[in-house]
Amino acid sequence: MVLAEQAEPLLIDLKDPRKGRVRASNRTNEEIRHAERTDRDLSPDMVRDLKLEITKRYSFSMACLAFAFIAVPLGLGSRRRDTSAGLILSLLIGTGYFLISMLAEELPTEIGVTSMLWAPNVICVVLGLYLFRKARFK
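Residues numbered from 1 in each chain as written. Predicted model: local features only at pLDDT ≥ 70, side-chain atom pairs only at ≥ 80, totals over all residues. Heavy atoms only, no water.

### Focus: the overall build of the protein chain
Assigned secondary structure in the protein chain consists of 4 helices and 0 strands. Written out in order from the N terminus, the α and β elements of the protein chain read α-α-α-α. Going through the 138 residues of the protein chain one by one, you find that 25% of them count as buried. Here the analysis covers contacts within the protein chain between residues at least 6 apart in sequence; of these, 71% occur between residues at least 24 apart. Within the structure as shown, the protein chain displays about 10500 Å² of accessible surface, and the carbon and sulfur contribution to it stands at 63%. (Helix = DSSP H or I, 4+ residues; strand = E, 2+ residues; numbered from the N terminus. Buried < 20%, exposed > 50% of the residue type's maximum accessible area, 1.4 Å probe, protein only. Contact = heavy atoms within 4.5 Å. Areas by Shrake-Rupley, 256 points an atom, 1.4 Å probe, with all protein chains shown as cover.)

Here it is in structure tokens:
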């Protein structure tokens, strides 16, 4: 049996072993822009990741409005008749949106990543406008 006063204290080092390397997702937009301008030690892949993070933040912020363009007409349609087609369609659209967003991170060029991240938003808005027009003339 060991007494508490005889036991050695257990020291756990909680410091990050990767000092100096802060992930882009843990930085603010201003910190990311400052790092792009001033840090000369960044590799081209790191610069691409920093720009990708800012684009992803703006694209995901726009996603709520893009999904609203789809949700309202689908909600109107499901209220008129008791089917769950609108729910299934909205789940498929949401899944497709985030799959495309994850695939965009794998593209090698910055232009490809940017266009791939914004494409689902544009598609959702266009689809929502089509559904609004379709619901209006029913």
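Having put the structure on the table, let's press on.
### Structural notes on the packing of aromatic side chains
The full count for this structure, using the stated rule, is 6 aromatic pairs. Residues Phe67 and Phe98 carry aromatic rings whose centres are separated by 6.4 Å and whose planes lie at 50° to one another, so their mutual orientation is tilted. Placement of the pair is Phe67 in helix H2 (residues 44–80) and Phe98 in helix H3 (residues 85–104), with a sequence separation of 31 residues. Looking at Phe67, the relative accessible area reads 25%, which means it is partly exposed. A residue is classified by how much of its surface remains accessible, and Phe98, at 39% relative accessible area, is partly exposed. Residues Phe69 and Phe132 carry aromatic rings whose centres are separated by 6.4 Å and whose planes lie at 90° to one another, so their mutual orientation is edge-to-face. Linking Phe69 in helix H2 with Phe132 in helix H4 (residues 110–136), this pair joins segments that are 63 residues apart in sequence. What makes Phe132 partly exposed here is its relative accessible area of 32%. Following the ring pairs from residue to residue traces out a cluster consisting of Phe60, Phe67, Tyr97 and Phe98. (Phe/Tyr/Trp six-rings, centres within 6.5 Å; stacked < 30°, edge-to-face > 60°.)

### Focus: the nonpolar core
Ala63, Ala66, Ile70, Leu74, Ile93, Tyr97, Cys124, Val125 and Leu131 form the largest nonpolar core, which has 9 residues in total. Only H2, H3 and H4 provide two or more residues apiece to this core. If you tally residues by element for this core, the top one is H2, at 4 residues. Counting residues in each nonpolar core, the second largest holds 6 residues, with Ala24, Ile32, Leu42 and Ile54 among its members. (Core = buried A, V, L, I, M, F, W, Y, C linked by side-chain atoms within 4.5 Å.)

### Here's the deal with the pattern of salt bridges
For side chains of opposite charge, pairing can occur when their charged atoms come near one another. In this structure the tally under the stated criterion is 5 salt bridges. The salt bridge involving Asp49 is made with Arg48; its shortest N-O contact spans 3.0 Å. Given a relative accessible area of 32%, Asp49 falls into the partly exposed group. (Salt bridge = Lys/Arg side-chain N within 4 Å of Asp/Glu carboxyl O.)

### Quick look at a nonpolar patch on the surface
There is a patch of nonpolar side chains on the surface, built from Leu10, Ile12 and Leu14 and spanning about 420 Å² of accessible area. With respect to the helices and strands, Leu10 occurs in the segment before helix H1 (29–38). Taking relative accessible area as the criterion, Leu10 reaches 73% and is therefore assigned exposed. (Patch = residues over 30% accessible without salt bridge, like charges linked within 9 Å, V, L, I, M, F, W, Y side chains within 5 Å.)

### Details of H4
Relative to the 39 Å expected for 27 residues at 1.5 Å per residue, H4 spans 39 Å between its end C-alpha atoms, a close match to the ideal helical length. Ala119 marks the point of greatest bend in H4, at about 30°, and the proline Pro120 comes within the next four residues. Every buried residue belonging to H4 is among Gly112, Val113, Leu117, Pro120, Asn121, Cys124, Val125, Gly128, Leu131 and Ala135, and all of these are buried. (Expected span 1.5 Å × (residues − 1). Bend = angle between axes of the 7 residues up to and from the residue.)

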